[in-house]
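Read off the chains here:
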Amino acid sequence: MPAQNQPRHRLIVALDVPTAAQALALADSLAPQVGFFKVGLQLFLDAGFAVCDALSKRGHKVMLDLKFHDIPQTVALATAQLANHDIALATVHGYPQVVAAAAKAKGRTKILAVTVLTSLGHEELAQSGFAGTLADLVVLRAETSLAAGADGIVCSPLETSLVRKALGTKAVIATPGIRPLDSARDDQTRTATPQAAIAAGADYIIVGRPITKAADPAAAARAIIDEIG
Ligand code: C5P
């Protein structure tokens, strides 16, 4: 099996904690079985690129999940800032203008387009003025994002097989909204188990609270790796 397909390389742990010290302690407690970590808004606003650099210095891969969504010039300039750091994956919202601007400036980083946040359901979509189905919107955003230059897509596990079918094998698919059977759903709406997400065609599963809030995070990570193995 190629190294990147090994179960432990397909788990990205979301370091949704407030400080670099907490993030690095968590990463250290999960290494060596976890080697891919996601830095999101909360952590980045406190620790900036320093925490990304500290993770890559430890040999980990980093996903920077700041979900850029702005005018093309701003997105391109922000994306260009990634070039001085070892960021494997970065996220933007899946609007063609935004994706194209990020793709143009991405350097070695792969750009993943967020289709529809996994916390949103049909009701929220209707409230935001979209009349179609959630699956239609996810596939539309996935296809237009790939056409605009994205390397892959972030989508819920419930839409993963549809997106995989629409985009083929070349696109990277990363799915948050992962909940092992014994976990709370928290604020996620469109969830599935680790195994179901991988079976649906995800390359990566992104897992936060089921690991970070577990009594024993390393054991929770191990159980998930075993489940997808
Ligand atoms: O704790 P939990 O497993 O729900 O964390 C999921 C992580 O994935 C969070 O960091 C969240 O910001 C991120 N995410 C998401 N839905 C998306 C994109 C990213 O939940 N569409």
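Everything that follows concerns the structure shown earlier in this document.
Note that the coordinates shown come from a computational prediction; the quantities given were computed from them, not determined experimentally.

Visitor: Teacher, can you tell me more about the pattern of salt bridges here?
Guide: Taken as a whole and judged by the stated rule, the model has 10 salt bridges. Salt-bridge contacts for Asp186 lead to Arg209; the nearest nitrogen and oxygen are separated by 3.6 Å. Pair noted here: Asp186 is in the loop between strand E7 (172-175) and helix H8 (194-199) and Arg209 is in helix H9 (residues 209-212), with a separation of 23 residues, a long-range link. Assessed through its relative accessible area of 31%, Arg209 is described here as partly exposed. One salt bridge connects Arg209 with Asp187, and the closest N-O pair in it is separated by 2.6 Å. One end of the pair, Arg209, is in helix H9; the other, Asp187, is in the loop between E7 and H8, and 22 residues separate them in sequence.

Visitor: So what exactly am I meant to see when it comes to the environment of Phe36 here?
Guide: Locating Phe36 in the fold gives a position in strand E2 (residues 36-40). Using a relative accessible area of 3% as the deciding quantity, one classes Phe36 as buried. Excluding anything up to four places from it in sequence, Phe36 contacts His9, Leu11, Ile12, Val13, Lys61, Val62, Met63, Ala88, Leu89 and Tyr204.

Visitor: Help me understand the nonpolar core in this model?
Guide: The nonpolar side chains of a soluble globular protein tend to be buried with one another. Residues Leu11, Leu30, Val39, Ile205 and Ile211 are the most contacted members of the largest nonpolar core, which totals 60 residues. Per-element tally for this core: the top contributor is helix H2 (residues 41-57), with seven residues. Apart from residues lying up to four places away in sequence, Ile211 is in contact with Leu11, Val13, Leu30, Pro217, Ala220, Ala221 and Ile224. Formed by 12 residues, the second largest nonpolar core is a distinct cluster that contains Ala14, Met63, Leu89 and Leu112.

Criteria and thresholds
- Residues numbered from 1 in each chain as written.
- Predicted model: local features only at pLDDT ≥ 70, side-chain atom pairs only at ≥ 80, totals over all residues.
- Heavy atoms only, no water.
- Salt bridge = Lys/Arg side-chain N within 4 Å of Asp/Glu carboxyl O.
- Helix = DSSP H or I, 4+ residues; strand = E, 2+ residues; numbered from the N terminus.
- Buried < 20%, exposed > 50% of the residue type's maximum accessible area, 1.4 Å probe, protein only.
- Contact = heavy atoms within 4.5 Å.
- Core = buried A, V, L, I, M, F, W, Y, C linked by side-chain atoms within 4.5 Å.

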